[in-house]
Amino acid sequence: MVGILLRQVSKSYGGTCAVDDLDLEVEDGAFLALLGPSGCGKTTVLRLLAGLERPDGGTIALGERVVAGEGIFVEPEDRGLGMVFQSYALWPHMTVEGNVSFGLHGRGLDRSEIAARVAQALDLVGLSAKAGARPHQLSGGQRQRVALARSLAMRPRLILLDEPLANLDANLRASMAAEFRRIHAETRTTFVFVTHDQAEAMALATRVAVLNGGRLQQVGAPEDIWHRP
Ligand code: ADP
Ligand code: ADP
């Protein structure tokens, strides 16, 4: 089963071609790194998947569903995906529980279903004990877990992440990488993240797509790309 499909996708800003006739197929349940130097187009690919940008040409499908192209454009909130930004974008005046449940209200879920989803998401990220805390009382790593829990509570099939390890202290990176891999495996959600850091790609990804100049240079398992002994 195909998780994500991009066919001949292009996107320019003014005269700058950010993504150039890109073909990419990602299997359902992958943990994909979009890797490349600054300006190679990886953030644009993430924004195209999210629906924050419209492609100039080509087709994007998530699962069996075309979300952009062929005269179709599905808005971000209707794509069934979650996003974890580098800033985490938490509400400072709300508790951890409030932040995680926020997006669940107005979705026709009853209160017990919302409470169960929040409890499960906080359990998954190991923050059940912090349900009543406010973001300023948490470490950077804990805030990131809240942002991840907020996405997980929506039960999306796909979660997009922007350099998930970049804002963490060096000594926290290895343990957070292990946490991300565990959560990915337990939830069987497809994760896609952008990074310019090969070490970050190797620490997290099951598949790596190397971009250069808006084009796909290489795609494969990390061990195929780096020929680890
Ligand atoms: P990366 O994430 O790999 O650093 P981006 O996708 O952000 O790359 O950018 C790819 C190219 O598109 C770069 O040349 C960048 O300057 C340009 N670009 C990205 N976003 C915009 C924008 N909103 N307006 C103009 N140019 C942009
Ligand atoms: P770069 O990686 O090229 O330095 P940034 O990380 O600063 O770029 O982000 C560039 C753009 O991508 C910004 O407009 C930002 O709002 C957007 N962005 C950041 N994270 C995400 C995400 N998870 N999903 C979609 N867009 C994002």
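One can find the structure itself at the top, above this paragraph.
Residues numbered from 1 in each chain as written. Chains lettered and ligands numbered in written order. Predicted model: local features only at pLDDT ≥ 70, side-chain atom pairs only at ≥ 80, totals over all residues. Heavy atoms only, no water.

Q: Before we go on, may I ask you to explain the site of ligand 1 in this structure?
A: Close to ligand 1 lie Y13, T16, A18, P37, S38, G39, C40, G41, K42, T43 and T44, which account for all nearby residues. Between K42 and ligand 1, the recorded distance is 2.9 Å, taken from a side-chain N or O atom to an oxygen atom. T44 has a polar side-chain atom sitting 2.6 Å from an oxygen atom of ligand 1. Across the complex, the protein chains shield 59% of the 550 Å² of accessible surface that ligand 1 would expose by itself. Elements that contribute at least two residues to the shell around ligand 1 include exactly β2 (16–27) and α1 (42–50). Considering each element in turn, the shell around ligand 1 owes the most residues, three residues, to α1. (Near = heavy atom within 4 Å. Polar contact = N/O pair within 3.5 Å; in protein donor to acceptor, adjacent residues only side chain to side chain. Areas by Shrake-Rupley, 256 points an atom, 1.4 Å probe, with all protein chains shown as cover. Helix = DSSP H or I, 4+ residues; strand = E, 2+ residues; numbered from the N terminus.)

Q: When you look at the layout of surface pockets in this model, what are you seeing that I'm missing?
A: Left-over empty space is what a probe sized like a water molecule reveals as it rolls over the atoms. Here the largest pocket defines a volume of roughly 540 Å³. L81, G82, M83, R107 and M154 are the residues nearest the centre of the largest pocket, which is lined by 17 residues in total. Among the secondary structure elements, those contributing two or more residues to the lining of the largest pocket are β7 (81–84) and α4 (140–153). For the lining of the largest pocket, the element with the most residues is β7, which contributes three residues. (1 Å grid on protein atoms, 1.4 Å probe; cavity = no way out; pocket = protein on both sides within 12 Å on 5 of 7 lines; lining within 4 Å. Points joined across faces, edges and corners; volume = space filled by probe spheres on them.)

Q: It is not clear to me how the sheet that holds β7 should be interpreted in this structure. Could you clarify?
A: Within a sheet, neighbouring strands are paired by backbone hydrogen bonds and run either parallel or antiparallel to one another. On the basis of which strands lie adjacent, the open sheet formed by six strands has the order β7-β8-β9-β3-β10-β11 and mixed pairing. Unpaired on one side and paired on the other, β7 and β11 (215–220) mark the two borders of the sheet. Here the strands of the sheet are splayed against their neighbours by 20 degrees on average, with no regard to which way each runs. Two elements, strand β3 (residues 31–35) and strand β10 (residues 207–212), share four bridges in a ladder whose sense is parallel. Among the inter-strand pairings, A33 is bridged to a residue of β10, identified as V208. The sheet contacts of α1 involve β3, β7, β8 (158–162), β9 (190–195) and β10, and relative to β9 the element is tilted by about 150 degrees. (Pairing = 2+ DSSP bridges. Axes fitted to C-alpha atoms, helices over the stretch in contact; angles between N-to-C directions. Contact = heavy atoms within 4.5 Å.)

Q: Sorry, what's going on with the site of ligand 2 here?
A: Contacts to ligand 2 come from T43, L46, R47, L52, M83, V84, F85, D162 and E163. Here T43 contributes a side-chain N or O atom positioned 3.4 Å from an oxygen atom of ligand 2. Within the side chain of D162, an N or O atom sits 3.0 Å from an oxygen atom of ligand 2. Contact with the protein chains hides 60% of the accessible area of ligand 2, taken as 560 Å² for the molecule alone. Elements that contribute at least two residues to the shell around ligand 2 include exactly α1 and β7. Ranked by residue count, the leading element in the shell around ligand 2 is α1, at three residues. Its residues assigned to classes, the shell around ligand 2 comprises five nonpolar, one polar and three charged. (Nonpolar A, V, L, I, M, F, W, Y, C, P; charged D, E, K, R; others polar.)

Q: Quick question: what am I supposed to make of the pairing of strand β5 (residues 65–69) here?
A: Moving residue by residue along a regular strand, the side chains alternate between the two faces of the sheet. Both strand β4 (residues 57–62) and β5 contribute to a ladder of three bridges, which runs antiparallel. Note on β5: the bridge partner recorded for A61 is V66. For β5 and strand β6 (residues 72–73), the ladder comprises two bridges, and the chain directions are antiparallel. The residue of β6 that forms the bridge with A68 is F73.

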